[in-house]
Amino acid sequence: VGSGSTVLLSRQVQGTGGSSAVSKCSAAARGYIQDRFQRLLAGRRRRRAPLIHRGYYIRARAVDHCVQDFLLRTQSLPRTQILSLGAGFDSLYFRLKDMGLLHHTVVYEVDFPNVACQKATLIKRMKELSALVGDAGGEGLGAIAFSGEDYKLLGVDLSELPELERTLKEAGLNNEIPTLFIAEVVLTYMERTRSDALIQWAAEHFPQACFLVYEQVHPEDPFGRVMQQHFIQLNSALRSLAQYPDCEAQQRRFLEKGWTECSVMDMNEFFTCCIPEDEQQRVQTLEPFDEYEEWHLKCSHYFVLAASKGMEPSWTPLLPSVTVPRHAGPVGMAGSVPAAVCARLSGIPGLRRYGHHSVLIKPNVILTTGGFGEENGQHCRMRNFHVLSKHAGYWKAVCVTQNIPDKRWDERLYHTVSCLSNTLALVVGGRTSPSSAGLRMLWLKFPETCNASDPGDVAVELVSLPPAAEAAALRWRHSTTEMTFKGEQYLFVYGGRSALEPVLGDWYFLHTPELSYTAIAVEGPVPESRHSHSACSWEGGVVIAGGLGAAEQPLGSVFLLRELEHGFQWQTIETHPPLVPRYSHTAHVHEGKLLLVGGVGFHASSVPGITVVDLMTGLCLDYVINVEHLEWPLMLHNHSSVFLPNEKELLVIGGGGNCFSFGTHLNPEPVALSLSSILISH
């Protein structure tokens, strides 16, 4: 890299450090983390979104967990030291000092010279900071920007190893005492050969040492591609990812570079295994939150790693306090399903949306409503409906005018739409914001001739419900399924969440068409509460699969609500191999087979594709989706899908979401998945 481009790169990387300090400051202000010093170092204040708060909470928590474990294990030793690489405007030293944890530990921080100078100036200017650190003089000497008794701030480019070594020696770093190296989203910005050299240098020169890393993984799945693109656009590409794409590769990297022990976890595992349950609940209730998919995807794309050598007893901060059933790595795939863009549907912005609902209102005609997406070049909650219809083998889509006497549509997300006749559909639930109290049920009335060439108007009317049935509507991320009991038609409303309850496990039988609430006896073990699950009609009953449970954990259970003579019975369908837990998927039943489409699970090594569950035998087969003909990442969560049994084809409409701080990704056009090869009729 030429020196000019090195300067540019260093500026971009420093930008990410400044932004991260602002985000940590915002998370502290909302009570996610205890840190009264970050606001003094962050400079500007800006309130971030709840998703960003959670992301920075888990990062701070992982680093603090390992640092405090190191200090606890070495507290009986006369002297230890911490070396924070690329420390930026982090407040770690001040927090540890304030907590009285640095009796015999010196903290060294290294960053680019101008960052170190800015931080040194801030420390001298702020009484709260300078009082803690004391001033031992000696700064301004060469690369030493600040020097206190137990705090040294050094301005050196980490990729220049000889210069780093010389400056550390000059500042008093002692190779012979236990040393903790911290690299919090730092190594990945360096050229890989240089970061490898730094890891190896630390192992070779420090006989008793620990190395803590927090950074990104899984660059090649859809979320990973959006993440990579974001950093490329910031001119700070993630340079280690191609060589070390997953946790196992990172673990091998450290073991091959001279470290004798190394444990690693992605952040979903860390949150579940290393954070006590009461603390998990505290964080989950700090502010209204409804971006579970992006939270879990973010967590599966970051890891924390703890390597050590020469430590007695050995340093193992990442031993889980609870053991979580682990699903064996990538699932064996039974085959693949080809994905193709629907040529004539490209360029229709209204189909770029998520959290919407699509329903087949008659053969080859689909109505899509609601969600969040793109309208007139802006991201917003969607007002417009779209009708899609297939004619002579091609899909066509048109935006439909709504005949709404007053503002009844409410621009809702995560609702359901059930088609009750060839001119009538029912909208149940949905939300505007995550703190909204829930939305009323609506009738959608459309002409019998409705199609994409001549859609006509869709009239939206409020449903007047008896009070007993009102509660059925005040929810979102639920399911509404058509079913029969004693020859009568019902809608079965199940699960979801509300502004008050993070997860619901109740259900309602609504007799159609007048929607009276009917009490019908249900026996058998009640499924655990869930939202973002799937529900399909089958043999008069309902099949429920997956979902997100009470502790924000994906579920892998499949239940059948089966009709008996006097009511219904819950039955568990045992799947083998066990269904990989997932939520935010869609589902369809065809000839006794449950088809699960996409979703979010905890293990990024196997992004859910299509799973086929034989409802008679429980046999579970996974198929990967072949996306070689798509030019963009296909995100299969928060999407809608419609199954066309005659063609054995699935049409996937929309999908995607707000990818942490990496921008919003909306699948740009509908995609057809051909299932004919996997649904061979017996």
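Numbering of residues starts from 1 in every chain and runs along the sequence as written. Given that the model is predicted, a residue must reach a pLDDT of at least 70 before its local features are reported, and side-chain atom pairs must reach 80 or more before they are shown or counted; all residues, however, enter totals for whole chains, interfaces and linings. Note that water and hydrogens are dropped before the side-chain values are worked out from all heavy atoms of the structure.

1. Details of the domain arrangement of the chain
- Reported domain spans reflect what an automatic or database domain assignment gives. Segmenting the chain into domains produces domain 1 (59-309) and domain 2 (333-674).
- Between domain 1 and domain 2, the contact holds 27 residues from the first and 35 residues from the second.
- By buried area we mean the combined loss of accessible area, with a 1.4 Å probe, across both parts when two parts are placed together. Taken together, the two surfaces of domain 1 and domain 2 that pack against each other cover about 2,600 Å², and 59% of this comes from carbon and sulfur.
- Its largest share of buried area at the contact with domain 2, domain 1 owes to Asp290, Tyr292 and Glu293, together 24% of the area lost on that side. Contact definition: two residues touch when any of their heavy atoms are within 4.5 Å.

2. Observations regarding the packing of aromatic side chains
- For Phe, Tyr and Trp, rings pair up if their centres lie within 6.5 Å, where Trp contributes its six-membered ring, and each pair is then called stacked (planes under 30 degrees apart), edge-to-face (over 60) or tilted (otherwise). Applying the stated criterion across every chain yields a total of 33 aromatic pairs.
- With a centroid separation of 5.4 Å and an interplanar angle of 15°, the aromatic rings of Phe181 and Phe211 are classed as stacked. In this pair, Phe181 is assigned in strand β5 (residues 179-184) and Phe211 in strand β6 (residues 209-216), connecting sequence segments 30 residues apart. Of the two residues examined, Phe181 and Phe211, each falls in the buried class.
- An aromatic cluster is present here, built from Phe485, Tyr490, Phe492, Tyr494, Trp507, Phe509, Phe559, Phe568 and Trp570 joined pairwise through their rings.
- In this analysis the charged atom, NZ for Lys or CZ for Arg, is taken to sit over a ring once it is within 6 Å of the ring centre and within 35 degrees of the ring normal. Positioned above the aromatic ring of Phe289 is the side chain of Arg54, whose terminal nitrogen or guanidinium carbon lies 3.7 Å from the ring centre.
- Positioned above the aromatic ring of Trp295 is the side chain of Arg54, whose terminal nitrogen or guanidinium carbon lies 5.4 Å from the ring centre. Segments assigned H or I by DSSP are reported as helices when at least four residues long, segments assigned E as strands when at least two residues long, and all are numbered from the N terminus. Partly exposed describes any residue whose relative accessible area lies between the buried limit of under 20% and the exposed limit of over 50%, with all areas from a 1.4 Å probe on protein chains only and scaled to the type maximum.

3. Considering the side chain of Arg59
- Considering the arrangement of structural elements, one finds Arg59 in helix α3 (residues 50-73).
- Any pair of nitrogen or oxygen atoms within 3.5 Å is treated as a polar contact; in protein, a donor-acceptor pairing is required on top of that, and neighbouring residues in sequence qualify only through side-chain atoms on both sides. At 2.6 Å, the side chain of Arg59 forms a polar contact with the side chain of Glu184.
- Those residues in contact with Arg59, other than ones at most four positions away along the chain, are Ser20, Lys24, Glu184, Val185 and Tyr214.

4. Describing the pattern of salt bridges
- Throughout this description, the term salt bridge denotes a Lys or Arg side-chain nitrogen within 4 Å of a carboxyl oxygen of Asp or Glu. Summed over the entire model, instances satisfying the criterion amount to 32 salt bridges.
- Linking Arg36 and Glu128 is a salt bridge whose minimum nitrogen-to-oxygen distance equals 3.1 Å. With Arg36 in the loop between α1 (3-29) and α2 (38-42) and Glu128 in helix α6 (residues 127-133), this pair connects stretches of sequence that are 92 residues apart.
- Exposure remark for Glu128: the relative accessible area of 36% places this residue in the partly exposed category.
- A network of salt bridges, in which partner residues are shared, links Asp290, Glu293, Arg431, Arg477 and Arg497.

5. Remarks on helix α10 (residues 247-256)
- Of all the positions in α10, only Cys247, Ala249, Gln250, Arg253 and Phe254 are classed as buried. Projected onto a plane normal to the axis of α10, the buried residues spread over an arc of 165° and lie on a single side.
- Contacts from the buried residues of α10 go to α8 (192-205), β6, β7 (261-266) and β8 (302-309).
- Taking the backbone nitrogen of Glu248 as reference, a side-chain oxygen 3.3 Å away marks Asp246 as the first, capping residue of α10. Arc definition: directions from the helix axis to the C-beta atoms.

6. Examining the sheet that holds strand β11 (residues 357-362)
- In this analysis, strands are considered paired if DSSP registers two or more bridges between them. Taken in spatial order, the 4 strands line up as β11-β12-β15-β16 in an open sheet, and their pairing is antiparallel. With partners counted over all chains shown, the strands left at the sheet margins are β11 and β16 (394-400), one partner each. Across the sheet, the mean angle separating the axes of adjacent strands is 25° when strand polarity is ignored.
- Both strand β12 (residues 365-369) and strand β15 (residues 385-391) contribute to a ladder of 4 bridges, which runs antiparallel. Paired with Thr368 across the bridge in β15 is His386. Think of each axis as a best-fit line through the C-alpha atoms, taken over the contacting stretch in the case of a helix, with angles from 0 to 180 degrees between the N-to-C directions.

7. Remarks on the sheet that holds β6
- Strand order in the open sheet formed by 8 strands is β3-β4-β2-β1-β5-β6-β8-β7, and the pairing between neighbours is mixed. Strands at the two margins of the open sheet, each flanked by one partner only, are β3 (144-147) and β7. For this sheet the average axis-to-axis angle between neighbouring strands, irrespective of direction, equals 15°.
- Alignment of strand β2 (residues 105-111) against strand β4 (residues 151-155), held across 5 bridges, turns out to be parallel. The residue bridging Tyr108 from the neighbouring strand is Lys152, located in β4.
- Each of β6, β7 and β8 touches α10; the most contacted strand, β7, lies at about 160° to it.

8. Observations concerning the pairing of strand β31 (residues 586-590)
- Of all 5 residues in β31, 4 are buried, a share of seventy percent or more.
- Between β31 and strand β32 (residues 593-597), which follow one another and run antiparallel, lie 2 residues, and Glu591 among them has a positive phi close to 50°.

9. Focus on unusual backbone geometry
- Cis rather than trans, the peptide bond between Glu312 and Pro313 has omega equal to -10°.
- Its location among the elements puts Pro313 in the loop between β8 and β9 (333-341).
- For the bond running from His576 to Pro577, omega is -10°, close enough to zero to count as cis.
- Examined against the element boundaries, Pro577 turns out to sit in the loop between β30 (567-572) and β31.
- Positive phi values are uncommon outside glycine, yet His218 reaches one of about 55°.
- The residue His218 is located in the loop between β6 and α9 (222-233) in this model.
- Despite not being glycine, Asn235 has its phi angle at roughly 65°, a positive value.
- With respect to the helices and strands, Asn235 occurs in the loop between α9 and α10.

10. Remarks on the packing of helix α11 (residues 267-274) against helix α13 (residues 292-300)
- As a packed pair, α11 and α13 sit with axes 6 Å apart at the nearest point and diverge in direction by 100°. Relative to α13, α11 is oriented roughly perpendicular. On α13, the residues touching Met267, Asn268 and Phe271 of α11 are Trp295, His296, Cys299 and Ser300. Here is the rule for angles: anything less than 35 degrees is roughly parallel, anything more than 145 is roughly antiparallel, 65 through 115 is roughly perpendicular, and the remaining ranges are oblique.

11. Re the nonpolar core
- One finds Ile58, Val67 and Phe270 to be the most contacted residues of the largest nonpolar core, which totals 82 residues.
- With 12 residues, the single largest contributor to this core is α3.
- Residue-level mapping places this core at the junction of two domains, with at least three residues from each of domain 1 (59-309) and domain 2 (333-674).
- Phe270 has contacts with Ile58, Arg61, Ala62, His65, Met265, Ile275, Val304 and Leu318, leaving out every residue within four places of it along the chain.
- Residues belong to one nonpolar core when they are buried, are Ala, Val, Leu, Ile, Met, Phe, Trp, Tyr or Cys, and are joined through side-chain atoms within 4.5 Å. One finds Leu83, Leu158, Phe211 and Cys262 within the second-largest nonpolar core, a separate group that totals 37 residues.

12. Section: the pairing of β6
- Judged by how many residues are buried, β6 sits mostly within the fold: 8 of 8 residues are covered.
- As paired strands, β5 and β6 are joined by 6 bridges and run parallel to one another. Considered in β6, the bridge of Ile182 is made with Leu212.
- Place the viewer so that the strands point away; then a crossover is right-handed whenever the path from the first strand over the helix to the second strand goes clockwise. The β-α-β motif built from β5, the intervening α8 and the parallel element β6 has right-handed crossover chirality.
- Examined bridge by bridge, β6 and β8 share 8 bridges and lie antiparallel to one another. What sits directly across from Ala209, in β8, is Lys309.

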